[in-house]
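Close look at the chain arrangement
Each chain, letter by letter, is given below.
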Amino acid sequence: PITLIEFSDFECPYCKRGKDTMDQVLKAYPNDVKLVFKQYPLPFHQNAKPAAIASLAAHKQGKFWEFHDKLFDNQKRLTKEFFVQTATELGLNVDQFKKDLESPELAKQVDEEMKLGSKNGIQGTPGFFVNGVAV
């Protein structure tokens, strides 16, 4: 089994290409590869951190990967309105989702994942580790 850890930014065009590559890897090796996604919104992407928080809010309701895909497929539309619209389309509890968007705990989780990435040498996105080895 192989574990891939991806540090990524929902507003980064290179991360969109990384997502497409990860989709191909997971499709080719569905029983051998596990993907772990970590948030690493770059400071010059103004919508990346809100998108990261929104993805974690969706995760709380079991829809992280579906939300993740919608964010990457709509990188030019990363607004609170889009996040709520997407939550509605995915059948999430929208009132809870909106509360979670304002959650200090989710913002802290994003910050902690960024610290973890920085501690392990991530300086830009996307950043990948294969079984703990930086690639």
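Details of the structure are given in the entry above.
Overview of the structure. These numbers come from a predicted model, not from an experiment.

1. Some words on the side chain of H45
As for its position among the elements, H45 is in the loop between β2 (33-39) and α2 (48-59). By relative accessible area, which is 15% here, H45 ends up buried. At 2.8 Å, the side chain of H45 forms a polar contact with the side chain of D9. Not counting residues within four places of it along the chain, the set of residues in contact with H45 comprises D9, E11 and C12.

2. Structural notes on the sheet that holds β2
Taken together, four strands build an open sheet; the order of strands is β2-β1-β3-β4 and the sheet is mixed. Strands with a single pairing partner mark the edges of an open sheet, and in this sheet they are β2 and β4 (133-134). The strands touched by helix α6 (residues 104-119) are β1 (2-8) and β2; relative to β2, the strand with the most contacts, the crossing angle is about 110 degrees.

3. Examining the nonpolar core
Within the largest apolar cluster, 28 residues are counted, with the highest numbers of intra-cluster contacts made by F10, F67, L71, F83 and F97. Contributing elements (two or more residues each) for this core: α2, α3 (64-73), α4 (80-89), α5 (94-101) and α6. No other element matches the seven residues that α2 contributes to this core. In contact with F10, other than residues within four places in its own chain, are F37, Q39, A51, A52, S55, H68, L71, F72, Q75 and L78.

4. Examining the packing of α2 against α6
Packed helices, taken two at a time, are described by their axes: the angle between them and the distance between them. Following both chains from N to C, one finds α2 and α6 inclined at 115 degrees, their axes separated by 9 Å at the closest point. Relative to α6, α2 is oriented roughly perpendicular. Seen along the crossing, α2 lies across α6 with a hand that is right-handed. Residues K49, A52, I53, L56 and A57 of α2 form the contact with α6, whose own contacting residues are L106, A107, Q109, V110 and D111. Looking at the contact of α2 with α6 residue by residue, the class counts come to seven nonpolar, one polar and two charged.

5. Quick look at the environment of M22
Within the secondary structure, M22 sits in helix α1 (residues 13-28). When its relative accessible area of 8% is taken as the criterion, M22 is described as buried. Remark: the alpha-carbon pair of M22 and L35, spanning 13 residues in sequence, is separated by 8.0 Å. Apart from residues lying up to four places away in sequence, M22 is in contact with L4, E6, L35 and F128.

6. Side note on the pairing of strand β3 (residues 127-130)
The pairing of β1 with β3 spans four bridges and is antiparallel. Each residue of the ladder has a partner; that of E6, found in β3, is F128. Across two bridges, β3 lies against β4 in antiparallel orientation. Considered in β4, the bridge of F129 is made with A134.

7. Some remarks on the pairing of β1
In this sheet, β2 lies alongside β1 in parallel orientation, the contact comprising seven bridges. Considered in β2, the bridge of I5 is made with V36. Where the polypeptide runs from β1 across α1 and back to β2, its parallel neighbour, the crossover connection is right-handed.

8. Quick word on unusual backbone geometry
Following T125, the chain continues into P126 via a peptide bond in cis, with omega recorded as -5 degrees. In this structure, N131 takes a positive phi of about 50 degrees despite not being glycine. Inspection of the secondary structure puts N131 in the loop between β3 and β4. Under the relative-accessibility criterion, N131 is labelled partly exposed at 45%.

Basis of the calculations
Residues numbered from 1 in each chain as written. Predicted model: local features only at pLDDT ≥ 70, side-chain atom pairs only at ≥ 80, totals over all residues. Heavy atoms only, no water. Helix = DSSP H or I, 4+ residues; strand = E, 2+ residues; numbered from the N terminus. Buried < 20%, exposed > 50% of the residue type's maximum accessible area, 1.4 Å probe, protein only. Polar contact = N/O pair within 3.5 Å; in protein donor to acceptor, adjacent residues only side chain to side chain. Contact = heavy atoms within 4.5 Å. Pairing = 2+ DSSP bridges. Axes fitted to C-alpha atoms, helices over the stretch in contact; angles between N-to-C directions. Core = buried A, V, L, I, M, F, W, Y, C linked by side-chain atoms within 4.5 Å. Parallel < 35°, antiparallel > 145°, perpendicular 65-115°, else oblique. Left-handed = near helix turned anticlockwise from the far one by under 90°. Nonpolar A, V, L, I, M, F, W, Y, C, P; charged D, E, K, R; others polar. Right-handed = clockwise from strand over helix to strand, strands pointing away.

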